[in-house]
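Listed below are the residues making up each chain.
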Amino acid sequence: ALLAGLWISIALLGALRAESVERSYEDLYRRAPSLREITGIVVSYPDSQTGRPTFTFAPDNLPARLRVTLFLDESAPATVLYGDRLQLRGSVKAPPRFADFDYRAYLAEQGVFAVMSVEEDSGVECLGRGGSFILRAGNVFRDRLLRRLDDALSAENAALARGLLFGETAALTDEVSDAFRRTGLSHVLAISGMNLAILLAGVWFVLRQVGLRPAVAYPLVGVSVLAILWLVGLPVSLVRAAMMFGFLALGSVLADLGFVLRRSVRLGHGLAAAGLALLAIRPTALFDVGFQLSFGATAAIVAWTALSTGLSKSAG
């Protein structure tokens, strides 16, 4: 009853928060077209695979963020990194709403109220650096890896490698994109919790094969999680999956160290705690398809693991 009450409370909180966000952004939506010059800081790893850097920008004097795209001269593309303090001049507008997708609501959930286009080289002026130096180093390292991919592979293969490894699909040809859609494999080209789970399962299997106990193996897998997040730039889907992993691993580590009884550890309890923590931080995620799919898929894996373990014990 307590757990059900918590879920209902969070659902109501999420609905109220979603509505309040829309209302609080109404004034910003109206102001957006009048904005021409904005100073702030880059708070995401820019995606520049098409020669048009796109990034999330936090203005100094506005309570929400913008999604910025630089349409600059391809012969002299601007190099933009996480943490750059920029002064931007361009056109700003509220995100559009499409018939089959509410892009405005999607960005609002991420704290973004407008999209900005900068179409002249003089519209970008670098004022310095800020933000986390750790994430900036991750952005630099990621860009070096991407350049090596571009140098080592053909344009088509490099675009495919970018999609498979980093979820960047803008450079894929229509033919390749259609092939993935027809075969139902488009999700392979997205940075998602499933990609992270597959990689972590491989790391976990190797560590257990060499005989490491859970109290050692789980922290090492956790280091792998942090390395991946550092490399790809903290996308919401991977942060969400990482938090789920942390809660699921906590019980096994505590049991292995002798702090709790092993028979008292339940994967379902860890998953429920992860869900409540994620929704407490961002209640509107309850209505996010990405969260629903990630949570549902993880719940199915947990249920299958519990069932297979129970069957094995019965057979034994």
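Predicted, not measured: the structure shown is a model, and the values here were computed from it.

About the cut-offs
- Residues numbered from 1 in each chain as written.
- Predicted model: local features only at pLDDT ≥ 70, side-chain atom pairs only at ≥ 80, totals over all residues.
- Heavy atoms only, no water.
- Core = buried A, V, L, I, M, F, W, Y, C linked by side-chain atoms within 4.5 Å.
- Buried < 20%, exposed > 50% of the residue type's maximum accessible area, 1.4 Å probe, protein only.
- Helix = DSSP H or I, 4+ residues; strand = E, 2+ residues; numbered from the N terminus.
- Contact = heavy atoms within 4.5 Å.
- Salt bridge = Lys/Arg side-chain N within 4 Å of Asp/Glu carboxyl O.
- Pairing = 2+ DSSP bridges.
- Axes fitted to C-alpha atoms, helices over the stretch in contact; angles between N-to-C directions.
- Parallel < 35°, antiparallel > 145°, perpendicular 65-115°, else oblique.
- Left-handed = near helix turned anticlockwise from the far one by under 90°.
- Nonpolar A, V, L, I, M, F, W, Y, C, P; charged D, E, K, R; others polar.
- Expected span 1.5 Å × (residues − 1).
- Phe/Tyr/Trp six-rings, centres within 6.5 Å; stacked < 30°, edge-to-face > 60°.

**So, the nonpolar core**
Ranked by size, the top nonpolar core spans 25 residues in total, and within it Phe 55, Val 68 and Phe 113 carry the most contacts. Broken down by secondary-structure element, the contributors of at least two residues to this core are α1 (2-31), β1 (37-42), β2 (54-59), β3 (65-70), β4 (84-89) and β6 (112-118). Element by element, the count of residues in this core is highest for β6, at four residues. For Phe 55, the residues in contact, after removing those within four places along its chain, are Val 42, Ser 44, Pro 46, Leu 66, Arg 67, Val 68, Leu 70, Val 80, Leu 86 and Leu 88. Core analysis: the second largest hydrophobic core is formed by 20 residues, Leu 207, Val 225, Leu 229 and Ala 241 among them.

**As for the pattern of salt bridges**
Summed over all chains, the structure comprises nine salt bridges. Where Arg 30 meets Asp 27, a salt bridge forms, and the shortest distance between an N and an O atom there is 3.9 Å. One end of the pair is Arg 30 and the other is Asp 27, both in helix α1 and three residues apart, which spans about a single turn. Between Arg 89 and Glu 37 there is a salt bridge, and its shortest N-O distance comes to 3.8 Å. In this pair, Arg 89 is assigned in strand β4 and Glu 37 in strand β1, connecting sequence segments 52 residues apart.

**Here we look at the pairing of β6**
Burial within β6 is extensive, with six of its seven residues counted as buried. Pairing between β3 and β6: six bridges, direction parallel. By the bridge assignment for β6, Thr 69 is matched with Ser 117. Where strand β5 (residues 91-93) and β6 come together, three bridges link them in antiparallel fashion. Directly across from Val 92, in β6, lies its bridge partner Met 116.

**Looking at the packing of helix α7 (residues 214-232) against helix α8 (residues 236-256)**
Running from N to C, α7 and α8 cross one another at 165°; their axes reach a closest spacing of 9 Å. Here α7 lies roughly antiparallel to α8, going by the angle between them. The way α7 lies across α8 gives a crossing that is left-handed. Between α7 and α8, the contacting residues are Pro 214, Ala 215, Tyr 218, Val 221, Gly 222, Val 225, Ile 228, Leu 229 and Val 232 on the first element and Leu 238, Val 239, Ala 242, Phe 245, Ala 249, Ser 252, Val 253 and Asp 256 on the second. Split into classes, the residues belonging to the contact of α7 with α8 amount to 14 nonpolar, two polar and one charged.

**Here's the deal with helix α4 (residues 155-166)**
Relative to the 16 Å expected for 12 residues at 1.5 Å per residue, α4 spans 16 Å between its end C-alpha atoms, a close match to the ideal helical length. Taken together, the buried positions of α4 are occupied by Ala 158, Ala 159, Ala 161, Arg 162, Gly 163 and Phe 166. Tucked inside the fold, the buried residues of α4 contact α3 (133-152) and α7. Positive phi appears at Gly 167, one or two residues downstream of α4, with a value of about 75°.

**Examining the packing of α8 against helix α9 (residues 267-281)**
For the pair α8 and α9, interaxial distance at closest approach is 8 Å and the crossing angle is 140°. If you check the angle between α8 and α9, you find them oblique. Relative to α9, the crossing made by α8 is right-handed. Contact residues: α8 offers Arg 240, Met 243, Met 244, Phe 247 and Leu 248, while α9 offers Leu 267, Gly 270, Leu 271, Ala 273, Ala 274, Ala 277, Leu 278 and Ile 281. In terms of residue class, the contact of α8 with α9 is made up of 11 nonpolar, one polar and one charged.

**What to know about the packing of aromatic side chains**
Evaluation of the coordinates by the stated rule reveals nine aromatic pairs. Ring centres of Tyr 45 and Tyr 82 lie 6.4 Å apart, and the angle between their planes is 70°; this geometry places the pair in the edge-to-face category. Here Tyr 45 is found in the loop between β1 and β2, whereas its partner Tyr 82 is found in the loop between β3 and β4, with 37 residues between them in sequence. Taking relative accessible area as the criterion, Tyr 45 reaches 9% and is therefore assigned buried. When the ring of Phe 101 is compared with that of Tyr 103, the centres are 6.2 Å apart and the planes differ by 40°; the resulting orientation is tilted.

**Side note on the sheet that holds β6**
The strands making up a sheet associate through backbone hydrogen bonding, with each pair oriented either parallel or antiparallel. An order of β5-β6-β3-β2-β1-β4-β7 is seen for the seven strands of this open sheet, with the pairing classed as mixed. Each having just a single partner strand, β5 and β7 (124-129) make up the two edges of the open sheet. Looking at each pair of strands side by side, their axes are set apart by 35° on average, direction ignored. Where β2 lies against β3, four bridges are found, and the strand directions are antiparallel. Across the sheet, the residue bridging to Thr 56 is Arg 67, located in β3.

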